[in-house]
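# Coordinates in review
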Amino acid sequence: MSSLGNLTVLTGPSGVGKGTIVRKILESHSDVWLSISATTRQPRSGEIEGEHYFFLEKKIFQEIIDKDGFLEWASFSNNFYGTPKKIVNEKIEEGTNVLLEIELEGARQVRKSFPEAFQIFLAPPNLYELEKRIRGRGTETEEAIRDRLSIAEKELIAQKEFDAVVINEDIEKAFKEIEGFMGLNT
Ligand code: 5GP
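So, a few notes on the structure that sits alongside this text.

Rules used throughout
Residues numbered from 1 in each chain as written. Predicted model: local features only at pLDDT ≥ 70, side-chain atom pairs only at ≥ 80, totals over all residues. Heavy atoms only, no water. Near = heavy atom within 4 Å. Polar contact = N/O pair within 3.5 Å; in protein donor to acceptor, adjacent residues only side chain to side chain. Areas by Shrake-Rupley, 256 points an atom, 1.4 Å probe, with all protein chains shown as cover. 1 Å grid on protein atoms, 1.4 Å probe; cavity = no way out; pocket = protein on both sides within 12 Å on 5 of 7 lines; lining within 4 Å. Sits in = over half its atoms within 2 Å of the grid points. Helix = DSSP H or I, 4+ residues; strand = E, 2+ residues; numbered from the N terminus. Core = buried A, V, L, I, M, F, W, Y, C linked by side-chain atoms within 4.5 Å. Buried < 20%, exposed > 50% of the residue type's maximum accessible area, 1.4 Å probe, protein only. Contact = heavy atoms within 4.5 Å. Pairing = 2+ DSSP bridges. Axes fitted to C-alpha atoms, helices over the stretch in contact; angles between N-to-C directions. Points joined across faces, edges and corners; volume = space filled by probe spheres on them. Nonpolar A, V, L, I, M, F, W, Y, C, P; charged D, E, K, R; others polar.

## Description of the site of the ligand
The local shell around the ligand holds 16 residues, among which S37, Y53, Y81, E101 and E103 are the closest. Between the ligand and Y81 there is a distance of 2.5 Å, counted from an oxygen atom to a side-chain nitrogen or oxygen. Protein contact buries 96% of the 510 Å² of open area that the ligand shows by itself. Spatially, the ligand is embedded in the largest pocket. Listing elements by their share of the shell around the ligand, those giving two or more residues are β5 (70-76) and β6 (79-84).

## Let's talk about the nonpolar core
Ranked by internal contacts, the top residues of the largest apolar core, which has 20 residues, are L10, I21, I25, L99, L122, I178 and M182. If you list the elements that add at least two residues to this core, you get α1 (18-28), β8 (118-123), α5 (127-137), α6 (142-157) and α7 (171-181). Non-local contacts of I21, meaning those with residues more than four positions away in its chain, are made with L10, L122, I171, A174, F175 and I178. Judged by nonpolar contacts, the second largest core, of 18 residues, contains V98, L100, V110 and F114.

## Focus on the sheet that holds β5
The strands that make up a sheet pair up through hydrogen bonds in the backbone, lying either parallel or antiparallel. The strand order across the open sheet formed by four strands is β4-β3-β6-β5, and the pairing between neighbours is mixed. Both edges of this open sheet fall to β4 (54-55) and β5, since each of them pairs with a single strand only. As defined by bridge partners, strand β3 (residues 38-39) adjoins β6 across two bridges and the pair is classed as antiparallel. Note that in β6 the partner of A38 across the bridge is G82. Here helix α2 (residues 58-66) sits on the sheet and contacts β3, β5 and β6; the angle it forms with β5, its principal contact strand, is near 140 degrees. Sheet strands touched by helix α3 (residues 85-93): β5 and β6. Its angle to β6, the strand with the most contacts, is close to 30 degrees.

## Remarks on the side chain of E103
Here E103 lies in the loop between β7 (97-101) and α4 (104-113). Within the structure, the side chain of E103 is placed 2.8 Å from the backbone nitrogen of G106, a separation counted as a polar contact. Ignoring any residue separated from it by four or fewer positions in sequence, one finds E103 in contact with T11, A74, F76 and E155.

## Observations concerning the sheet that holds β7
An order of β2-β7-β1-β8-β9 is seen for the five strands of this open sheet, with the pairing classed as parallel. In this open sheet, the two strands that pair with only one neighbour each are β2 (32-34) and β9 (164-167). Neighbour to neighbour, the strand axes of the sheet diverge by 25 degrees on average, direction disregarded. By the bridge criterion, four bridges tie strand β1 (residues 7-11) to β7 in an arrangement that is parallel. Opposite L10, over in β7, you have E101 as the bridge partner.

## Side note on the layout of surface pockets
If you add up the space inside the largest pocket, you get close to 1,100 Å³. Of all elements in the fold, only α1, β5, β6 and α5 reach the threshold of two or more residues within the lining of the largest pocket. No other element matches α1, which puts six residues into the lining of the largest pocket. Classifying every residue of the lining of the largest pocket gives ten nonpolar, 14 polar and twelve charged. Taken as a whole, the second largest pocket encloses approximately 290 Å³ of empty space. If you trace the second largest pocket, you find 15 residues lining it, with N79, E140, T141, A144 and R148 closest to the centre. Sorting the residues of the lining of the second largest pocket by element identifies β6 and α6 as the ones contributing at least two each. Looking at the lining of the second largest pocket element by element, the count peaks at four residues for α6. Taken together, the residues that form the lining of the second largest pocket break down as three nonpolar, six polar and six charged.

The following block contains the structure:
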């Protein structure tokens, strides 16, 4: 009898609210483990090493790629982002339910290497709303906002590839839907 943990991938454009949903899942379900990604981008104010990301130099990130240390990795808006492979595999093998919060290219890689993973796309009600949310967050420069919005337009087209699409119009409703897809309903 297998007692492997499930792997769930949550994708969606930058600013759509993935982080908020993930926080709510972790607060309500202590049996779900979130993979902490590595990134070459600079920490935002308030971000903590090892809690939000492992912030790495490009050279170190490349060394991990060369050693096949990422389950998936992608370049997003001039920075690299990747999911550490070993710890994720260990967690799944010990029966823990693992959650990845990653962008589209990474989700596509996981679909190939881990076809049994359940893939959820979180979509904004529309692009105008997404722009409002990214601007409201106040964490990006104007150039970065424009870049993220142009990536978002392309990402939205890909939602058909996913096992489930959840529209984040109402955060509580979106959270409940995602809980349901992850089999976490109490
Ligand atoms: P941010 O810079 O806003 O923290 O993240 C930018 C994008 O990278 C978001 O869509 C986020 O979900 C995604 N991301 C975060 N970690 C990873 C990762 O390990 N792999 C991939 N492919 N994308 C990631």
